[in-house]
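Residue-level structure breakdown
For reference, the chains in residue letters:
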Amino acid sequence: MSDQQRFVYDAARAVDPLGDLEEEAEKQAKHNRAKVGSARPSSLLYTYGPGSIMDLPQFTIMSTGLDDWDRIWRRRDAAPPSIHAPRLKNVVRMMMGSNDVELRPHPWQPKKYVRSAEGNDLGVPARVFPQWLRCTGCDLLGMLSQFDYKNTHPFRTDLATFEHTKCTGRSGSRSRKAMRRPAVPARYLLACVDGHLDEFPYALWVHHGQPCSNAELPVLKMIDRTAGKGASAVIRCESCQTQRPMNEAQGEAGKVKLPDCRGRHPHLDAFDHRGCRHKTRLMLVGASNLWFPATQSIIVMPESQQEKESDLADRIRTTLGDKLDKYRQHLDILRDLLEDRVDVTGLTDHELAAAVEAACAPQATPEEQEEKLRDWDPVDLLAPEWRHLLLPILGARNEDPKSGLTLAARERGDTLRPEITRVLAVEKLRKVNALVGFTRIDDMDRVGDLPRRLAPLTRTPRPTWTVATEDRGEGIFLQLDEDSVAAWEKRILESEVWQAHVEAHRRNFQRRFSETAEKINPDSRLKPPRYWLVHTFAHILIRELALSCGYSAASLSERLYAWPATENRDPAAGLLICTTASDSDGTLGGLVQLSEPARFQRVVDDALRKAQRCSSDPVCSMRTPHDPEDFLHGAACHCCVMASETSCERANRFLDRRFLINLPGSNLGYFSTHE
């Protein structure tokens, strides 16, 4: 694929495999740098970002921290490209505790044709991790240095492998002749709730924390004869014939046998300067809870005057640096310094002086940023989008040249449900997604005191940039009638079904949340009924739209605007279903076509009609969590409502068909009031 990123591994260096070209040029040394893997930008943000483990055909790698990525960018004379999204950048700066964080794309350049050399000097730095490998022929368990790296074919990434060159096979085999056998990663790791990750100490484990009595560097083997769940292997020391099963390290009983966390961040090649107070737990290399990205995203909207002024002041401050205070009273000199770097040609002296004064204002301290983060609500990112989507459309369409957002009003069909008050065709949109860190063991919305739990992306405490992606696409926006939603929500809050969901959420919180969230009130994390309504409605529309729009259901995603009124925020009840692509051309318009009145009212009617029946009924339609059950959905399953993980922003939680339509035994449906 043309928009894939490159992973390259140099067997001579464990970290920063692309950063040593200057040293090699001086020595006139050559290393094999054949490609060993690639991934799309979206997967490098949501699945295989810094600190995660990526499976390659023969071994696993870990993307390094952004400090190592800087060396990749510095090999180009030009400044690294940046992504303009001031509203998102302000939130990223707050969450990363730095006043000067830019948004940059992955280090990649498109090729004119498959075998051309453009972009060969760019790529995502990665290290082999874990660095304990097991020979598939003789079960030898050893470090990376005990195996040879082989990668000779420039167009066969699956042939890149580590090999045990003198494998004699297992004891009892017919042939004991030494031969080359591939080695695979040893699959056990140690992790803690603060995001630290470490190699499993196999030598200490098998000897119960003591050194081997017969050898300083004992020969270890990982014996795995039986298939089964969990840690089924046995570690054996060939030097002293001691062995110990790995299943002793599992569960609560196994945690007390594991060492304390050392505070290691292997993606940074560093240890946490604060140390770590937590116990470790056994993890598998492919565990789904090994890496959870902490991301924020926005649909880029036209900037308000306040946002424009704030962004201009910010760019002046970051561009001039120490020179700002020196020349703040000399506007002519400032104009010369900013020429070709920040566009100030259209500003009067008074406007430029105001921007300079704003740029010179004191920046928030880390303590102030942390306090602001504690009070921050993710809805703050959605509210400006909601307000703009409610503005009247003048003419056939409204196109903003800077953001690229193009909106077109749609007539309401004669038979369209009266609960839907507004339909917009979002003909063009730009979505920017940024990575601010990651967590392990618990997802970001399942952790407390987030500033500490968020694992860093850089060794420096105040990073200057983070990785982001920029997608373009199209969508359909719907607004529900606020008065009817408010009346319906009041009725739901008094229902037995809602009380059952509240109790199930409390049980889920107490059982599933680790010690990272001991002091959090579970009710504060439960979404209000209107969110369940909008969320379920979005899912059934995604299923129905996918049948006609030309995109798969996994390519469609939801953006939900559902919150009650507060002192500082008007209520919202609406949704945006969109599809985006990472290339510059965006998408093809098949989704927008379905926003036409006749087509869209047919989509809504068919979606609601199909939601009345599920192949798992009556079990699905009557599903209500009761003690000890703690699932976070009601009448919803993969046969009727649930969507793929790429489509859903809440991992298929907070869904219930009974909130959409009346099902047998319930009278809670929002769309049933006008039947």
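Residues numbered from 1 in each chain as written. Predicted model: local features only at pLDDT ≥ 70, side-chain atom pairs only at ≥ 80, totals over all residues. Heavy atoms only, no water.

Looking at the overall build of the protein chain
Within the protein chain one finds 18 helices and 26 strands. The burial tally for the protein chain puts 52% of its 675 residues in the buried class. (Helix = DSSP H or I, 4+ residues; strand = E, 2+ residues; numbered from the N terminus. Buried < 20%, exposed > 50% of the residue type's maximum accessible area, 1.4 Å probe, protein only.)

Here's the deal with the environment of Ile-441
For Ile-441, the position within the fold is in the loop between β23 (420-439) and α13 (450-453). In this view, Ile-441 contacts Ala-191, Cys-192, Val-193, Arg-281, Asn-289 and Phe-292; residues no more than four positions away in its chain are not counted. (Contact = heavy atoms within 4.5 Å.)

Some remarks on helix α10 (residues 349-359)
Every buried residue belonging to α10 is among Leu-352, Ala-355, Val-356 and Ala-359, and all of these are buried. Looking down the long axis of α10, one finds its buried residues gathered within 100° of arc, a one-sided arrangement. Next to the buried residues of α10 lie α7 (305-320), α8 (323-327) and α9 (331-338). (Arc of directions from axis to C-beta.)

Quick word on the sheet that holds strand β12 (residues 188-191)
Strands sit in the order β13-β12-β19 across an open sheet of 3 strands; the sheet is antiparallel. Either end of the sheet is taken by a strand with one partner, and the two such strands are β13 (197-199) and β19 (281-284). In this sheet, neighbouring strand axes are inclined to one another by 40° on average, regardless of whether the strands run parallel or antiparallel. (Pairing = 2+ DSSP bridges. Axes fitted to C-alpha atoms, helices over the stretch in contact; angles between N-to-C directions.)

Looking at the packing of α7 against α10
In helix packing, the relevant descriptors are the interaxial angle and the interaxial distance, both defined with respect to the helix axes. The interhelical angle for the contact between α7 and α10, taken along N-to-C directions, is 70°, at an axis separation of 8 Å. Compared by their axis directions, α7 and α10 come out roughly perpendicular. Crossing of α7 against α10: the hand is right-handed. Contacts from Leu-312, Ala-313, Ile-316 and Arg-317 of α7 reach α10 at Leu-352, Ala-355, Ala-358 and Ala-359. Residue composition of the contact of α7 with α10, grouped by class: 7 nonpolar, no polar and 1 charged. (Parallel < 35°, antiparallel > 145°, perpendicular 65-115°, else oblique. Left-handed = near helix turned anticlockwise from the far one by under 90°. Nonpolar A, V, L, I, M, F, W, Y, C, P; charged D, E, K, R; others polar.)

With respect to the nonpolar core
Judged by nonpolar contacts, the single largest core of 58 residues is most densely connected at Leu-480, Phe-537 and Leu-541. At the level of elements, β23, β24 (465-480), α14 (482-493), α15 (496-512), α16 (529-545), β25 (557-563), β26 (572-581) and α18 (597-611) are the ones that each hand at least two residues to this core. No other element matches α16, which puts 10 residues into this core. If you look at the next biggest cluster of nonpolar residues, it comprises 54 residues, including Trp-291, Phe-438, Met-444 and Ala-455. (Core = buried A, V, L, I, M, F, W, Y, C linked by side-chain atoms within 4.5 Å.)

Topic: the packing of aromatic side chains
Going through the model one piece at a time under the given rule, you end up with 22 aromatic pairs. Between Trp-69 and Trp-465, the ring centres sit 6.1 Å apart and the planes meet at 50°, which makes this aromatic pair tilted. Residue Trp-69 is found in helix α3 (residues 66-74), and its partner Trp-465 is found in strand β24; the two are separated by 396 residues along the sequence. In this structure Trp-69 comes out as buried when scored by relative accessible area, which is 1%. Residue class for Trp-465 comes out buried when judged on its relative accessible area of 2%. Seen from their ring centres, Trp-532 and Phe-654 are 5.4 Å apart, and the 55° between their planes marks the pair as tilted. With a gap of 122 residues between them, Trp-532 in helix α16 and Phe-654 in the segment after α18 connect regions that are remote in the sequence. Taken as a pair, Trp-532 and Phe-654 share a single burial class, namely buried. Through successive ring pairs, a cluster of aromatic residues spans Trp-488, Trp-498, Tyr-531, Trp-532, Phe-537, Phe-654, Phe-659, Tyr-670 and Phe-671. (Phe/Tyr/Trp six-rings, centres within 6.5 Å; stacked < 30°, edge-to-face > 60°.)

Looking at the environment of Met-54
Tracing the backbone shows Met-54 in strand β3 (residues 53-55). Sequence-wise, Met-54 and Leu-44 are 10 residues apart; in three dimensions their C-alpha atoms are separated by 9.5 Å.

Description of the confidence of the model for the protein chain
Across the protein chain, the average pLDDT comes to 86, with 90% of residues at or above 70. Across the protein chain, α16 holds the top mean pLDDT of 97, while strand β1 (residues 5-8) sits lowest at 43. Of the regions scoring below 50 in pLDDT, residues 1-19 engages in 78 contacts with residues more than four places distant in sequence or in other chains. (pLDDT = per-residue confidence, 0-100.)

Some remarks on the pattern of salt bridges
Counted by the stated rule, this structure contains 41 salt bridges. Salt-bridge contacts for Glu-385 lead to Arg-87; the nearest nitrogen and oxygen are separated by 3.5 Å. Taken together, the residues Glu-385 in helix α12 (residues 379-389) and Arg-87 in helix α4 (residues 86-96) connect sequence positions 298 residues apart. Taking relative accessible area as the criterion, Glu-385 reaches 0% and is therefore assigned buried. Of the charged contacts, one joins Glu-357 and Arg-328 as a salt bridge, the two residues approaching to 3.0 Å between their closest N and O atoms. (Salt bridge = Lys/Arg side-chain N within 4 Å of Asp/Glu carboxyl O.)

Focus: the side chain of Gln-601
Locating Gln-601 in the fold gives a position in helix α18. The exposure class of Gln-601 is buried, given its relative accessible area of 16%. The residues contacting Gln-601, other than those within four sequence positions of it, are Gly-413, Asp-414, Thr-415 and Leu-416.

Here's the deal with the environment of Val-379
Position of Val-379 among the secondary structure elements: in helix α12. Sequence separation between Val-379 and Leu-560 is 181 residues; the distance between their C-alpha atoms is 10.0 Å. For Val-379, the contacting residues outside a window of four places in its chain are Trp-563 and Arg-569.

Section: the sheet that holds strand β15 (residues 234-237)
If you walk across this open sheet you meet the 8 strands as β9-β10-β11-β7-β8-β14-β15-β16, and the pairing is antiparallel. Of all the strands in the sheet, just β9 (148-150) and β16 (242-245) have a single pairing partner and so form its edges. Taken pair by pair, the neighbouring strands of this sheet meet at an average axis angle of 35°, ignoring direction. Bridging between β15 and β16 involves 4 bridges; their strand directions are antiparallel. Among the inter-strand pairings, Val-234 is bridged to a residue of β16, identified as Pro-245.

Quick look at the packing of α14 against α16
It is at 9 Å that the axes of α14 and α16 come closest, and there the two elements cross at 115°. Remark: the crossing between α14 and α16 carries right-handed chirality. For the pair formed by α14 and α16, the contact residues are Glu-482, Val-485, Ala-486, Trp-488, Glu-489, Ile-492 and Leu-493 on the first element and Pro-529, Arg-530 and Leu-533 on the second. Residue composition of the contact of α14 with α16, grouped by class: 7 nonpolar, no polar and 3 charged.

Section: α7
Taking 1.5 Å of rise per residue, 16 residues should cover 22 Å, and α7 covers 23 Å from first to last C-alpha, within 8% of that figure. Taken as a whole, α7 has its buried residues at Asp-311, Leu-312, Ala-313, Asp-314, Ile-316, Arg-317 and Leu-320. On its buried side, α7 packs onto α4, α8, α9 and α10. Immediately beyond the C-terminal end of α7, within one or two residues, lies Gly-321, with a positive phi of roughly 60°. (Expected span 1.5 Å × (residues − 1).)

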